[in-house]
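# Observations on chain architecture
Next come the chains, spelled out residue by residue.
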Amino acid sequence: MNLPKASVDVAINAYGKPYQTAITLLTLLKHSGQWIDKIYFVEEKKQPEPVDFKFIFKMIGQNKIIYYRPLFWFWYNKVNRTLQKFKPYRRAIRYQYAWEKTDKKYLLLIHNDLYFSGDLVGEYLKGIGNHTGIGKIGQCWNCPAHSAGLCDGDKYLYYKPEYAEIMELSVKYPGPPRTRFYTEYIDRAKPWPLPECRLNEYVALVDISKARPDTIPYGKATPFGIINVIDVGVAWFHHLNNLGHTFANFDYDPYATHSWVSLKNAGHEALFNKDLYKYEEEVALKVLMDEFGYRP
């Protein structure tokens, strides 16, 4: 692979889970460290419990970390488009600080509850080609078009139904309750990509040299980390595809596991279940001690 070493920066937003966050970054560097330069570590303004991430910086090396703590915490709330003109407000959007600051060609967006077991970054770099991004495409398990056997992450570029067809499918295959919101979210004039289509943010590689010029504050596309339409990244994915960008579907499962401790609701449920949160952190601490020699 004729790519320079350290050609990728990493963007991670940390909301709790300090031991799982450490495992995420340490296993990433263990397998893909040759490709990675800086890690933009964004500690969310609000945390589920008092937490200190400094031990992670010590284990990784302070020279690899660019730390940022935003002034606002959006969680899953809508982000005001007008206020995005103001840098402190805009840079509180998930991944946005790294998006604007990185000087690398590629930015790896990751959750803080991953376990890497192979060189996924290397595989992404080999597979991205002329695409703007690479990773798992689509929340297909929620999509009526997938239930009908018409579309999946590999077919999204070719299946381009009209608005009426999408709505008919949502009635025929109602599936998850959020299909009832499609009338609110679908642009009748530009219904493609479908509402569940996105570059899944759990672990995705973006060619910033292509994506940044078309994304706020440089372009008109909604920032990647906004959840104003169904889920994180959906609006951004819709805007960029309609501007001519394309994305490669890549199944990261052989190289990384999301919510690896319990595989329970992709890690989200633990933020609302104190017992589950405590259990997952205890498991992560043991792995951190056994595999990386950490001593609290």
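As a reminder, the structure under discussion sits directly above these lines.
So, how was this worked out
Residues numbered from 1 in each chain as written. Predicted model: local features only at pLDDT ≥ 70, side-chain atom pairs only at ≥ 80, totals over all residues. Heavy atoms only, no water. Phe/Tyr/Trp six-rings, centres within 6.5 Å; stacked < 30°, edge-to-face > 60°. Helix = DSSP H or I, 4+ residues; strand = E, 2+ residues; numbered from the N terminus. Buried < 20%, exposed > 50% of the residue type's maximum accessible area, 1.4 Å probe, protein only. Pairing = 2+ DSSP bridges. Axes fitted to C-alpha atoms, helices over the stretch in contact; angles between N-to-C directions. Contact = heavy atoms within 4.5 Å. Polar contact = N/O pair within 3.5 Å; in protein donor to acceptor, adjacent residues only side chain to side chain. Expected span 1.5 Å × (residues − 1). Salt bridge = Lys/Arg side-chain N within 4 Å of Asp/Glu carboxyl O. Arc of directions from axis to C-beta.

## Quick notes on the packing of aromatic side chains
A complete count under the given rule lists 23 aromatic pairs for this structure. With 3.8 Å between their ring centres and 5° between their planes, tyrosine 68 and tyrosine 97 make a pair best called stacked. Taken as a pair, tyrosine 68 in strand S3 (residues 65–68) and tyrosine 97 in helix H4 (residues 96–101) lie far apart in primary sequence, 29 residues in all. Classification of tyrosine 68 as buried rests on a relative accessible area of 17%.

## What about the sheet that holds strand S7 (residues 203–207)?
Strand order in this open sheet of seven strands is S3-S2-S1-S4-S7-S6-S8, and the pairing throughout is mixed. Unpaired on one side and paired on the other, S3 and strand S8 (247–249) mark the two borders of the sheet. Here the strands of the sheet are splayed against their neighbours by 20° on average, with no regard to which way each runs. Where strand S6 (residues 133–135) lies against S8, three bridges are found, and the strand directions are parallel. Within S8, the residue paired with glycine 133 across the bridge is phenylalanine 247. Relative to S7, helix H5 (residues 120–127) is tilted by about 40°, and along the sheet it contacts strand S1 (8–14), strand S4 (106–110), S6, S7 and S8.

## Observations concerning the side chain of glutamate 43
Tracing the chain through its elements places glutamate 43 in strand S2 (residues 36–43). Within the local environment of glutamate 43, its side chain forms a polar contact with the side chain of tyrosine 67, the two groups lying 2.7 Å apart. Residues contacting glutamate 43, with those up to four places away along its chain left out, are Ala14, Val51, Phe53, Tyr67, Tyr68, Arg69 and Pro70.

## Re helix H11 (residues 274–292)
Compared with the 27 Å implied by 1.5 Å per residue over 19 residues, the 26 Å span of H11 between its first and last C-alpha is a close match. Along H11, the residues that are buried comprise Leu276, Tyr277, Glu280, Glu281, Ala284, Leu285, Val287 and Leu288. Along its buried surface, H11 packs onto helix H1 (18–32), helix H2 (54–60) and strand S5 (114–116). Positive backbone phi, approximately 70°, marks glycine 293, located one or two places after H11.

## What about the environment of histidine 258?
Relative to the elements of secondary structure, histidine 258 occurs in strand S9 (residues 256–258). In this structure histidine 258 comes out as buried when scored by relative accessible area, which is 10%. Remark: the alpha-carbon pair of histidine 258 and threonine 24, spanning 234 residues in sequence, is separated by 9.5 Å. Here aspartate 113 takes part through its side chain, which lies 3.0 Å from a polar atom of the side chain of histidine 258.

## Let's talk about unusual backbone geometry
For the peptide bond that leads from tryptophan 192 to proline 193, omega is -5°, which places it in the cis range. The backbone of serine 259 sits at a positive phi, close to 50°, despite the residue not being glycine. Mapped onto the fold, serine 259 is located in the loop between S9 and H11.

## A closer look at the pattern of salt bridges
Taken as a whole and assessed by the stated rule, the structure comprises 13 salt bridges. Aspartate 253 serves as the salt-bridge partner of lysine 136, at 3.1 Å between the closest nitrogen and oxygen. Pair noted here: lysine 136 is in the loop between S6 and helix H6 (144–147) and aspartate 253 is in the loop between S8 and S9, with a separation of 117 residues, a long-range link. Classification of aspartate 253 by relative accessible area gives partly exposed; the value is 42%.

## As for helix H7 (residues 163–172)
Those residues of H7 lying buried are Tyr163, Ile166, Met167, Leu169 and Ser170. Each buried residue of H7 lies within a common arc of 160° when the element is viewed along its axis, so the set occupies one face. For H7, the exposed residues set more than 90 degrees away from the buried face come down to Glu168, Val171 and Lys172. In this structure, the buried side of H7 is in contact with H6 and helix H8 (182–185).

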